[in-house]
Structures are given as C-alpha cells and as structure tokens.
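# What the coordinates show
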Amino acid sequence: MSDMPAALGIELEDLTKIYAGSPEPAVDRVNMDIAAGDLVVFVGPSGCGKTTTMKMINRLIEPSSGIIRLGGKDVTKGDPVQLRRQIGYVIQSIGLFPHMTIEANIGEVPKMLGWPKGKLAARVLEVMAIVGLDPDKFAKRYPRQLSGGQQQRVGVARALAADPPVLLMDEPFGATDPITRLNMQREFRKLQQDLGKTVIFVTHDFEEALLLGDKIAVLGDRSKIVQYDTPLGLVGRPADQHVSAFVGSSVHVRLLGLITAGKVADPSIAAGPEAPQVVAGTTLRDTLDVLLGGIASVRVVGDDGKTVGGLDYAAVQRAVSGELAELAAGGTQPTGSARSLRAAAAHR
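All figures in this text were calculated on a predicted structure; none of them were measured in a lab. (Residues numbered from 1 in each chain as written. Predicted model: local features only at pLDDT ≥ 70, side-chain atom pairs only at ≥ 80, totals over all residues. Heavy atoms only, no water.)

### Observations concerning the overall build of the protein chain
When its secondary structure is counted, the protein chain shows 16 helices and 13 strands. For a compact globule of 348 residues, the expected C-alpha radius of gyration is about 20 Å, and the protein chain comes in at 22 Å, within 12% of that figure. Its C-alpha atoms put the protein chain at 60 × 55 × 35 Å along the principal axes. Among the 348 residues that make up the protein chain, the fraction classed as buried is 49%. (Helix = DSSP H or I, 4+ residues; strand = E, 2+ residues; numbered from the N terminus. Rg over C-alpha atoms; globule rule 2.2 N^0.38 Å. Buried < 20%, exposed > 50% of the residue type's maximum accessible area, 1.4 Å probe, protein only.)

Written out as structure tokens, the structure is:
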C-alpha cells in the first residue's frame with residue numbers, strides 16, 4: 001500500500017535529554033536496539049522519562065545529544081516532519097480533530113503525503129476494517145458521536161493509515177474502562193501479529209506489558225534501563241529489587257499467563273475425544289481455568305485440529321516448575337512468549 005518497508009529496526013545510542021535550567025538530565029544516555037517487527041514495551045514509574053524517551057524517537061522532543069537510527073539510518077538531524085511521516089503515533093487522549101469526520105481523520109496523513117484520492121479512500125476503508133469499525137456505520141460520523149473505545153480505534157486506524165514501519169503508542173488504552181481496555185489489548189495483540197510493525201508501547205501497567213511485549217524495558221530514574229528482556233526473562237530472572245517490585249510475589253501465576261499449552265502438552269496424557277479441548281496457543285492460566293471446572297484433563301489441539309497431547313493439574317505444575325528451573329539456570333530458550341500468544345490469538 002505504501003513505498004515504506006513493513007518494519008524498521010530502531011537503535012538508540014546515548015540518547016539524552018537535558019531541559020534548560022535543570023541540574024540533571026530527564027533522560028540520561030539510553031542505549032537500546034529494537035529489532036524490526038518487535039513490540040517493545042517501556043514500563044516504569046511515573047516521571048521516570050519513558051514518554052520523553054519515546055517522544056525523542058519521532059523528535060516531538062528534540063534530544064540534547066545522542067543518536068537515533070531507523071533501519072540503520074541516522075535520523076537525529078534530518079527533517080523531523082519527514083521523520084514523523086514514517087512513524088505512526090497513538091496517544092491516550094487520542095487527539096482526533098472534532099470538526100472532521102472519522103474518514104477524514106483517518107486519511108489526514110496520507111492526504112498530506114499526496115496520495116491519490118482513490119488510493120486514499122481505499123486505504124481508509126481498509127484500516128477501518130482492520131481495527132473493527134464498520135465503514136458504512138462510522139465513516140461519516142464525527143468523534144463526538146463515538147464512544148471512548150471507538151475513538152481509540154480511530155486513533156489506531158489513523159496511525160496505521162500511511163502504513164508506517166514504526167508505531168509509537170503512549171498509554172493508548174489507559175483512558176478506557178477495564179473491560180474495553182482488556183478487549184483492545186487482545187485486539188491489538190492480534191493486529192500486531194498480522195501486521196508485524198515495529199512498535200514502542202509506553203505503559204505503567206506491568207500486566208499490560210506482559211500481555212503485549214515481545215520484549216520489555218523496565219526503566220528507572222532518568223530512563224535508566226534496569227532490565228531489557230523477554231516477559232519470561234523478567235518474571236523468572238528479575239535483575240534487582242526494582243524489577244522484582246514490578247513482577248510482584250505471584251511469579252507462578254505470572255508464568256501461567258506466559259506459557260502456552262501447546263509447548264508443554266504431554267502426549268502420554270490420554271485425554272479422550274470427549275475431553276474438553278484447548279488450542280495449542282492457549283495460556284496455562286486459561287487451561288487451568290478449564291481444569292478448575294472439575295475436569296481431570298484437557299486435550300490440546302494444533303491449528304489443524306489434530307491432537308498434540310493432553311494436560312492435567314500435575315502436567316501444569318511440572319511445566320511451571322520446569323520453566324522456573326530453566327530460568328534459574330540461565331536458559332535462553334523460554335517455552336512461551338508474547339509473540340506466540342499473539343499468534344494463537346488469531347485462532348481464538
């Protein structure tokens with residue numbers, strides 16, 4: 001749809017921000033490599049600099065020093081407007097233009113890029129469908145005529161409209177109610193699996209970080225990277241007390257949400273055809289919920305519907321204990337990941 005690549009890697013080298021009159025930097029020498037197509041979550045306490053760091057990537061805030069590279073190209077000193085046209089941006093307050101229809105809001109960036117009218121109109125319809133908004137129902141409406149959740153979907157559609165390789169998302173679901181928030185997290189997880197963009201996602205919610213992130217950067221004061229790891233790595237091998245405070249004491253429960261049934265299904269567990277089935281991408285947390293309904297075992301099936309094994313209480317316990325042991329030993333090949341969960345979400 002656009003001439004831009006599907007995703008670009010991001011490199012931050014000694015990225016620093018010092019505000020005038022401040023004795024200390026707000027962000028101090030951040031170094032990070034983000035692989036193309038990864039969803040990386042910045043999580044940390046309020047005021048730690050995570051949003052400032054993100055805004056320096058599209059230069060809404062200009063760095064005081066350091067280098068930003070997109071796809072290996074230094075974009076620190078070029079035209080910031082051209083840079084932002086390669087980067088979708090979604091914020092909590094959404095920022096829709098109230099005097100413009102939904103279709104006009106979504107098509108604003110492609111319009112500025114000079115897309116032909118036919119191409120623009122087709123893309124607006126496409127991204128509305130992607131985010132679950134019926135164009136016949138919503139295209140001619142105005143933002144005030146939509147619910148908060150619907151407006152947030154428009155915000156995501158607008159960020160995707162020019163098909164940018166990079167998305168920056170600053171607590172995009174924070175203003176929605178808990179049920180809508182969870183639904184949108186799940187929807188975005190599936191959407192990212194389909195689109196494969198490079199995403200930086202800012203949140204203060206560790207549960208959200210675990211659900212969405214391929215990798216998570218736990219930030220301390222002045223955006224110091226305390227730990228940059230996979231969700232399983234953070235839960236099983238917290239670097240220090242700061243990270244442990246985010247993880248909390250319920251490590252076993254967190255692991256249940258990160259390990260998938262298909263990865264640990266036991267072929268020796270003879271769950272008959274009458275046993276409840278779960279798809280391979282179902283988390284052990286959801287699998288355990290089925291077992292708690294008085295079921296002795298469940299049958300785990302792959303995407304093709306074929307049985308790959310079974311799970312019971314003992315198998316779930318062994319899986320979690322085994323994962324903890326592997327993480328404690330410094331294992332580098334975790335049995336589950338946010339990416340595998342997102343892949344499974346497409347089939348649920």
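### Side note on the packing of helix α7 (residues 148-160) against helix α8 (residues 178-195)
Remark: α7 packs on α8, axes separated minimally by 11 Å, with the N-to-C direction vectors making an angle of 20 degrees. Here α7 lies roughly parallel to α8, going by the angle between them. Both α7 and α8 take part in a crossing whose hand is right-handed. Together, Gly149, Gln152, Arg153, Val156 and Leu160 of α7 and Thr180, Met184, Glu187, Leu191 and Leu195 of α8 make up the contact between the two elements. Among the residues forming the contact of α7 with α8, the class breakdown is five nonpolar, three polar and two charged. (Axes fitted to C-alpha atoms, helices over the stretch in contact; angles between N-to-C directions. Parallel < 35°, antiparallel > 145°, perpendicular 65-115°, else oblique. Left-handed = near helix turned anticlockwise from the far one by under 90°. Contact = heavy atoms within 4.5 Å. Nonpolar A, V, L, I, M, F, W, Y, C, P; charged D, E, K, R; others polar.)

### Some thoughts on the side chain of Asp170
Summarising the element assignment, Asp170 is placed in strand β7 (residues 166-170). Although Asp170 is buried, it forms no salt bridge, and the closest oppositely charged side chain is Lys55 at an N-O distance of 5.1 Å. At 3.2 Å, the side chain of Asp170 and the side chain of Thr51 are in polar contact. With sequence-adjacent residues up to four places away left out, Asp170 is seen in contact with Thr51, Met54, Val90, Ile91, Gln92 and Val202. (Lys, Arg positive; Asp, Glu negative; His and termini not counted. Salt bridge = Lys/Arg side-chain N within 4 Å of Asp/Glu carboxyl O. Polar contact = N/O pair within 3.5 Å; in protein donor to acceptor, adjacent residues only side chain to side chain.)

### Things to note about the sheet that holds strand β1 (residues 10-17)
The sheet built from four strands is open, its strands ordered β2-β1-β4-β5 with antiparallel pairing. Each edge of the open sheet carries a strand with a single partner, namely β2 (27-34) and β5 (73-74). Two elements, β1 and strand β4 (residues 65-70), share five bridges in a ladder whose sense is antiparallel. Each bridged residue has a counterpart across the sheet, and for Glu11 the counterpart in β4 is Arg69. Running over the sheet, helix α1 (residues 50-57) touches β1, β2 and β4 and is turned about 120 degrees from β1. (Pairing = 2+ DSSP bridges.)

### Section: unusual backbone geometry
Positive phi is not limited to glycine here, since Arg29 has a value of about 50 degrees. Tracing the backbone shows Arg29 in strand β2. If you check the backbone angles, Ser223 has positive phi at about 60 degrees while not being a glycine. For Ser223, the position within the fold is in the loop between β9 (215-219) and β10 (225-229). By relative accessible area, Ser223 is classed as buried at 1%.

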